[in-house]
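# Architecture and fold: a report
This is what each chain is made of:
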Amino acid sequence: MLKGRVNEYTEQTKEGTQYRRRVLKDFSKLLDDEIEKIVLFMIEQQGLIAARLEDLGKRRARLQDIPLLQEITELREDYRSVGLDLVTLLKFVELNANAVRKILKKFDERLGYKFTDYYVRSRSNHPYSQLQQLLTTIIDLVISELLKKDPIIDLITATADKLTNSTNFLRFLGQHALIAQADSTAGTEDEQHVGEDKYHLMSLVLNLANTFLYMVNTYIVVPTADGYATSLGAAATACGAVIGSMAVAQVFSSVYFSAWSNRSYFRPLLFSSVVLLLGNVMYAMAFDLGSLTILLLGRVLCGMGSARAVNRRYISDCVPPRIRMQASAAFVSASALGMACGPALAGLLQTNFSLYGLTINQITLPGWIMAFGWLVYLIWLWISFQEPDLGPDAKDFYEGSSSSTSTRYMEQEKMEQGFTEHLLPSEQDEEDDNGDEEHNETLSSSTTTLRPASSVASAYTLLTPSVKVQLLIYFMLKYAMEILLAESSVVTGYYFGWDIGTVSVFLAVLGLSVLPVNAIVGTYISNMFEDRQILVASEMALLAGVMLSFKLTVEYTAAQYVCSAVLTFVSAEVVEGVNLSLLSRVMSARLSRGTYNGGLLSTEAGTVARVVADGTITAAGLLAGEGRLLNATLLPALLVCVASIAATLSTYNSLFY
């Protein structure tokens, strides 16, 4: 009914601005009336549940005097039954909250208003916040009457958390990995135990170790890349090409590793380790060979060994739902620690000697150390990794075409349609042919539309404007971070005379700030403000950090550089955390599995950003020289930041979740 009224308003508002004001008043009244129906129905249901709880309380009081095992068992089952009904009521509220969000979004899109902000702000922080408050007491009452380890308590808590969009550090961190999480509020017991037969703790540890080592490998060369380039006769600013060549290869390796993981996990990890071993040996030997080409080819080989797509897929497909969030958080933590340990390790490798004709010094040691690390990892992998049994139809399953997967999707869709028919007027089934995307998606019965994306093009068609903006934001923050990190040794050496040890400590401290910053945002800030509010504020702070980094006076101090770098890096971390947390919730479910999944898309966006940033550093160094490198590279970063903020504001209403 409301969709129909929105269509009428679209035509009628063309008559003049006077009618537009009447539309706002009329639509507000209609929506208020619909929400009132939801609230009244919910109060009625809570009354019924409260009456049942009162009766159960009387039975419990009687059993305290005369405890009978049979009646105690029946009482406990009755409490569980009340708990399940409470979960159903919570899902009812969630469905209607989403309906409110969607109709407001449609109203804004069709009429060109920004009505959502006003309506939500004038009624509550969220459309369902008042409903959630009504449920708080009864939820606590049901939970208090059940055993502390009763599974129904976890079900109630998970459903309530999903409804109120509450977060904590573990959940917030786990969402950064963009790994599909099990819906603990739905599914059969068998579905909840999917992956138990594939799960092998040591194999999971090996996947996380691969992630950690790869991030160390990526950043261990940053403090010495400029020195390595100059020792081979190139400009110091060629460090951008040295660092970025690894990212160039990763753009392509991410796709083939993601596809390879449809069939196996052991073989791509084995291949990754061998390629990284050879790549680091080439990187280290380039000094004695006096070849910049060998140096770059070594880094390209290292990029070809990026198995992060395999690491994500293993957690998504082979880790049981009960610990998948913890594993996802561990994946993000391993990446963050590797990013910090890389530069720190480079700062410790201060030596210079020869061994069997090979030069071992501070610029070749990172290659030799990482080659040894990958050799140890390769042996560990060969001995301890356990290939999960993917079955003969593994490829069909992972590409989303197995009959069981399609059937489960169809059953879920039918259930949702049946639930909707109960709650919304029957007139909604009679939609006109106005190209309504939500309606078409709901009515589609083709299993093809439920399968994961089969190509980059099909994945792109699944991206809504808000998701595209979030990928742009991810590109922006990775670009700004890469500019800061990759040119740090050149800039600090030119302006402040910092040596490798000082640069290494500086970069390590920046890297170590990742987890504390995410802890603060995930534990406190995300519970105080909406994600979109944090996103805009942190983008503004990132822009301020970039602007503060410019050299606008004759004297450029270390204090200015350090303060601006910390502001830029920390703001980028906040942007990344909130952006990926939001992206994990609003991205299409079809992008949660398959080769072309959401994790791959975000990885590609970030990797391309690093490639562009490193290319910018090299080009700016060749054209402008070291003296103008800082401003020349910061200007594109400034423009990208401004563009991302403008794009965020243009889709601000659609970011409401």
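What you are looking at is a predicted structure, and each value in this text was computed from that prediction instead of being measured. Position numbers for residues count from 1 along each chain, tracking the sequence in the order it is written. In keeping with the model being predicted, local features are shown solely for residues with a pLDDT of at least 70 and side-chain atom pairs are shown and tallied solely at 80 or more, while totals for entire chains, interfaces and linings include all residues. Each side-chain value is derived from all of the structure's non-hydrogen atoms; neither hydrogens nor water enter the calculation.

What follows concerns a nonpolar patch on the surface. Exposure above 30% relative accessible area and the lack of any salt bridge qualify a residue for a patch; like charges then connect within 9 Å, and the nonpolar side chains Val, Leu, Ile, Met, Phe, Trp and Tyr within 5 Å. Using the Shrake-Rupley algorithm and a 1.4 Å probe, accessible areas are obtained, with residue cover drawn only from the displayed protein chains. The term salt bridge refers to a pairing of a side-chain nitrogen on Lys or Arg with a carboxyl oxygen on Asp or Glu at a separation within 4 Å. Nonpolar side chains collect at one region of the surface, where Phe372, Leu375, Val376, Ile379, Trp382 and Ile383 lie side by side and expose about 670 Å² of accessible area between them. What counts as a helix is a DSSP run of H or I of at least four residues, what counts as a strand is a run of E of at least two, and both are numbered from the N terminus. Within the secondary structure layout, Trp382 lies in helix H16 (residues 365-384). Only protein chains enter the accessibility calculation, which uses a 1.4 Å probe; a residue is then buried when its area is under 20% of its type maximum, exposed when over 50%, and partly exposed in between. Classification of Trp382 as exposed rests on a relative accessible area of 60%.

The next subject is the packing of helix H21 (residues 465-486) against helix H25 (residues 531-549). Across the interface, H21 lies against H25 with an axial gap of 12 Å and an inter-helix angle of 30°. Classified by the interaxial angle, the pair formed by H21 and H25 is roughly parallel. Between H21 and H25 lies a crossing whose hand is left-handed. For the pair H21 and H25, contact is made by Ile473, Met476, Leu477 and Ala480 and by Leu535, Glu539 and Leu542, respectively. A breakdown of the residues in the contact of H21 with H25 according to their chemical character gives 6 nonpolar, no polar and 1 charged. Structural elements are reduced to axes, namely lines fitted to C-alpha atoms, with helices fitted over the stretch in contact, and the angle between N-to-C directions of any two is expressed from 0 to 180 degrees. Our angle categories are set so that under 35 degrees counts as roughly parallel, over 145 as roughly antiparallel, 65 to 115 as roughly perpendicular, and the remainder as oblique. Take the far helix as the reference: if the near one is turned anticlockwise from it by less than a right angle, the crossing is left-handed, and if turned clockwise, right-handed. We call two residues in contact whenever any of their non-hydrogen atoms come within 4.5 Å of each other. Asp, Glu, Lys and Arg are counted as charged, while Ala, Val, Leu, Ile, Met, Phe, Trp, Tyr, Cys and Pro are counted as nonpolar; the rest, among them Gly, fall into the polar class.

All right, on to the packing of helix H23 (residues 500-512) against helix H26 (residues 558-586) then. A pair of packed helices is captured by two measures, namely the crossing angle of their axes and the spacing between those axes. Put simply, H23 and H26 touch, their axes get as near as 10 Å, and they point 30° apart. Taken as axis vectors, H23 and H26 run roughly parallel relative to one another. As H23 runs across H26, the sense of the crossing is right-handed. Packed against H23, whose contacting residues are Phe506, Leu510 and Gly511, the element H26 presents Tyr561, Val562, Ala565, Val566 and Phe569 at the interface. Its residues assigned to classes, the contact of H23 with H26 comprises 7 nonpolar, 1 polar and no charged.

Side-chain rings of Phe, Tyr and Trp (the six-membered ring for Trp) are treated as a pair once their centres are within 6.5 Å; stacked means planes under 30 degrees apart, edge-to-face means over 60, and tilted covers the remaining angles. Tallied over the full model, the rule gives 26 aromatic pairs. Chaining the aromatic ring pairs together yields one cluster made of Tyr494, Tyr495, Phe496, Trp498, Phe506, Tyr556 and Tyr561.

With that settled, consider the pattern of salt bridges. On inspection of all chains with the given rule, the structure shows 10 salt bridges. Between Lys29 and Asp33 there is a salt bridge; the shortest N-O distance is 3.0 Å. With Lys29 and Asp33 both in helix H2 (residues 17-65) and 4 residues apart, the pair spans about one turn of that helix. Residue Glu77 pairs with Arg80 through a salt bridge whose shortest N-O separation is 2.4 Å. Taken together, the residues span about one helical turn, with Glu77 and Arg80 both in helix H3 (residues 69-111) at a distance of 3 residues. The class for Arg80 is partly exposed, based on a relative accessible area of 22%.

What follows is about the pairing of strand S2 (residues 358-361). Pairing between strands is defined by DSSP: at least two bridges between the two strands are required. With 4 bridges joining them, strand S1 (residues 352-355) and S2 adopt antiparallel strand pairing. Residue pairing across strands places Asn352 opposite Asn361, the latter belonging to S2. The turn linking S1 back onto S2 is made up of 2 residues, and Tyr356 within it adopts a positive phi angle of 55°.

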